[in-house]
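Examination of the molecular architecture
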Amino acid sequence: MPAHDEVDRIVDAWERERPDIDFAPLQVLSRVGRLARHLDRARRAAFAVSELESWEFDVLSALRRAGDPYQLSPKALLQQTLVSSGTMTNRIDRLVERELVERRSDPGDGRGILVLMTALGRDRVDAAISELMVAESELLDGLSPGDQEKLAGLLRKLSLDFD
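Overview of the structure. (Residues numbered from 1 in each chain as written. Predicted model: local features only at pLDDT ≥ 70, side-chain atom pairs only at ≥ 80, totals over all residues. Heavy atoms only, no water.)

1. Quick notes on the sheet that holds strand S3 (residues 109–117)
A sheet is described by the order of its strands in space; here three strands give the open sequence S1-S3-S2, paired in antiparallel fashion. The open sheet has two edge strands, strand S1 (71–72) and strand S2 (101–106), and neither has a second partner. In this structure, S2 lies alongside S3, joined through six bridges in antiparallel fashion. Opposite Arg103, over in S3, you have Val115 as the bridge partner. Across the sheet, helix H3 (residues 54–65) is in contact with S1, S2 and S3; its angle to S3 comes to roughly 105°. Helix-sheet contacts for helix H5 (residues 85–97) involve S2 and S3, and the interaxial angle to S2 is about 115°. (Pairing = 2+ DSSP bridges. Helix = DSSP H or I, 4+ residues; strand = E, 2+ residues; numbered from the N terminus. Contact = heavy atoms within 4.5 Å. Axes fitted to C-alpha atoms, helices over the stretch in contact; angles between N-to-C directions.)

If you want it as structure tokens, here you go:
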């Protein structure tokens, strides 16, 4: 068993002060929260190398994952990024200004539009995902591949109710 971490110290103190409460959830979720802060810092640093904000990466990565020709409707982007339609419109406008995406008429729907990633957008998101995988691998260095797989399975099981 590894040495005590800060969460162990916090839980020990709470158990001493409030022995009437089961603090088992803190053992898991406080660690998840603390790791999320480290992950957020690593992601921001990885995206900064490509001159992207986290929200820009989210939109561009959805387009990249769509495959060639790297285009989606705003509705599809909404579903993948979980933001409101007003927020998505604003994000698309800003990405157009930065020349990372273009708006095109949807040939299948005369009233609709498609958001198409530009070559610059593709270069930026490709660089960002490469940087991100290096950063995230470093965060997981303390776990064996088997432990990483087990942890991924447990987190998947926990998150199914939220997705």
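2. A word on the pattern of salt bridges
Taken as a whole and judged by the stated rule, the model has 13 salt bridges. Note that Asp8 and Arg31 form a salt bridge whose closest N and O atoms lie 2.8 Å from each other. Pair noted here: Asp8 is in helix H1 (residues 6–17) and Arg31 is in helix H2 (residues 24–49), with a separation of 23 residues, a long-range link. Judged by its relative accessible area of 14%, Asp8 is buried. When the shortest N-O distance is used, the salt bridge between Arg103 and Asp93 registers 2.5 Å. Taken as a pair, Arg103 in strand S2 and Asp93 in helix H5 lie far apart in primary sequence, ten residues in all. Classification of Asp93 as partly exposed rests on a relative accessible area of 32%. Through salt bridges with shared partners, a single network forms among Asp5, Asp8 and Arg31. (Salt bridge = Lys/Arg side-chain N within 4 Å of Asp/Glu carboxyl O. Buried < 20%, exposed > 50% of the residue type's maximum accessible area, 1.4 Å probe, protein only.)

3. Focus on the side chain of Glu56
Assignment of secondary structure puts Glu56 in helix H3. Aside from chain neighbours lying at most four places away, what touches Glu56 is Glu51, Leu95, Arg98 and Leu100.

4. Description of the environment of Leu78
Take Leu78: it is sitting in helix H4 (residues 74–81). When the C-alpha positions of Leu78 and Val59 are compared, they lie 9.1 Å apart, and in sequence the two are 19 residues distant.

5. Observations regarding the nonpolar core
Grouped together as the largest cluster of nonpolar side chains are 23 residues, with contacts concentrated most on Phe47, Leu60, Leu63 and Leu77. Breaking this core down by element, the ones donating at least two residues are H2, H3, H4, H5, S3 and helix H6 (119–139). Broken down by element, the residue count for this core peaks at six residues, all from H3. Apart from residues no more than four positions distant in its own chain, Phe47 is found in contact with Leu52, Glu53, Ser54, Phe57, Ala128 and Leu132. (Core = buried A, V, L, I, M, F, W, Y, C linked by side-chain atoms within 4.5 Å.)

6. As for unusual backbone geometry
The amide bond that connects Asp68 to the next residue, Pro69, takes the cis arrangement and shows omega of 20°. Here Pro69 shows up in the loop between H3 and S1. With a phi angle near 60°, Tyr70 is a residue other than glycine that sits in the positive phi range. Within the fold, Tyr70 resides in the loop between H3 and S1.

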